[in-house]
Amino acid sequence: MPREFEDSPHALDVIGVSVAFGEVCVIDNVSFHVDVGSTLAIVGRNGSGKTVLLKALIGAVRASGTIRWAPETRIGYVPQKLDIQRDLPLTGRDFLNAKVDVTHAPATDAQRVAGLVNLSGSIIDQPIGTLSGGQFQRLLLAFALVGTPSVLLFDEPTAGIDEPEEKSVYALIHQLQQNDGLTVLVISHDMTQVQASADHILFLSHHGSYFGKTADMLNSERLQELHGPTVAHLRE
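Residues numbered from 1 in each chain as written. Predicted model: local features only at pLDDT ≥ 70, side-chain atom pairs only at ≥ 80, totals over all residues. Heavy atoms only, no water.

What about the packing of helix 2 (residues 92-103) against helix 5 (residues 133-145)?
Each packed pair of helices is defined by two parameters, the angle between the axes and the distance between the axes. Where helix 2 contacts helix 5, the axes come no closer than 9 Å and their chain directions differ by 20 degrees. Looking at the two axes, helix 2 sits roughly parallel to helix 5. The two elements helix 2 and helix 5 meet at a crossing, and its hand is right-handed. Packed against helix 2, whose contacting residues are G92, F95, L96 and K99, the element helix 5 presents L139, L140, A142, F143 and A144 at the interface. Looking at the contact of helix 2 with helix 5 residue by residue, the class counts come to 7 nonpolar, 1 polar and 1 charged. (Axes fitted to C-alpha atoms, helices over the stretch in contact; angles between N-to-C directions. Helix = DSSP H or I, 4+ residues; strand = E, 2+ residues; numbered from the N terminus. Parallel < 35°, antiparallel > 145°, perpendicular 65-115°, else oblique. Left-handed = near helix turned anticlockwise from the far one by under 90°. Contact = heavy atoms within 4.5 Å. Nonpolar A, V, L, I, M, F, W, Y, C, P; charged D, E, K, R; others polar.)

A look at unusual backbone geometry
The backbone of N29 shows a phi angle near 55 degrees, a positive value even though the residue is not glycine. With respect to the element layout, N29 can be found in strand 2 (residues 24-35). Notably, H104 is not glycine yet its phi reads approximately 60 degrees, a positive angle. Within the secondary structure layout, H104 lies in the loop between helix 2 and helix 3 (109-116).

Some thoughts on the sheet that holds strand 6 (residues 151-155)
With respect to topology, 6 strands assemble into an open sheet ordered 5-6-7-3-8-9, the strand pairing being mixed. Two strands in the sheet have a free side with no partner beyond their single neighbour: strand 5 (75-78) and strand 9 (208-213). Each strand axis lies, on average, 15 degrees off the axis of its neighbour in the sheet, ignoring direction. Across 4 bridges, strand 5 lies against strand 6 in parallel orientation. (Pairing = 2+ DSSP bridges.)

Some points on the pattern of salt bridges
Under the definition given, this model contains 3 salt bridges. Linking D13 and R68 is a salt bridge whose minimum nitrogen-to-oxygen distance equals 3.7 Å. Taken together, the residues span a long stretch of sequence, with D13 in strand 1 (residues 10-21) and R68 in strand 4 (residues 64-69) at a distance of 55 residues. Grouping residues by exposure puts D13 and R68 together as buried. Two residues, R93 and D125, come together in a salt bridge whose shortest N-O distance is 2.6 Å. Here R93, found in helix 2, pairs with D125, found in the loop between helix 4 (121-124) and helix 5; they are 32 residues apart in sequence, far enough to count as distant. Since its relative accessible area comes to 23%, R93 is described here as partly exposed. (Salt bridge = Lys/Arg side-chain N within 4 Å of Asp/Glu carboxyl O. Buried < 20%, exposed > 50% of the residue type's maximum accessible area, 1.4 Å probe, protein only.)

This is the structure we're talking about:
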């Protein structure tokens, strides 16, 4: 282990990470860190490599460079899309219990995590295909919480749901973080939520990556180029 990592106070250190598929370089020499208990927002245009980066962090795609999680880190991951047929005869409880079995979590964990995300027993006992977009997103969050992770990774946690549910999901994430001291990495296009909840921002683009404190990044020309009037309004 490099000496500079031996006493690192960070939940995650990333140095010089690159990901390529064949001759196509998707992520090039990205470096950043995430403090324990903090929130990092990952922003950038579509195709800039945000989802690929999250997958590299959990080892789902091969990357070069250094990715170092703090010892004893337990990761929960909420993908933007789940490769599961919503018309399967599978209830929300079945879905959660499958994760409980795989992770050898306590048998009561399915009910516990459902309660954390405000899903009643009557809701998780429904077939997953009957759940609303917001309810299904909460189910995915509950799924990630099985096994009591210390870090949560979210890929567009409110994609496909309406604005009231979107605010509710972000409030729930913030509450869980405050209650349990979770470290959160979230891909988001909602700069209002980014400003409200993120401690640092990682901006990915085809021209490079830029990392810094949220206030500094919101004042950067690069983010203004990306989000235009949205960022200008947030700075007022």
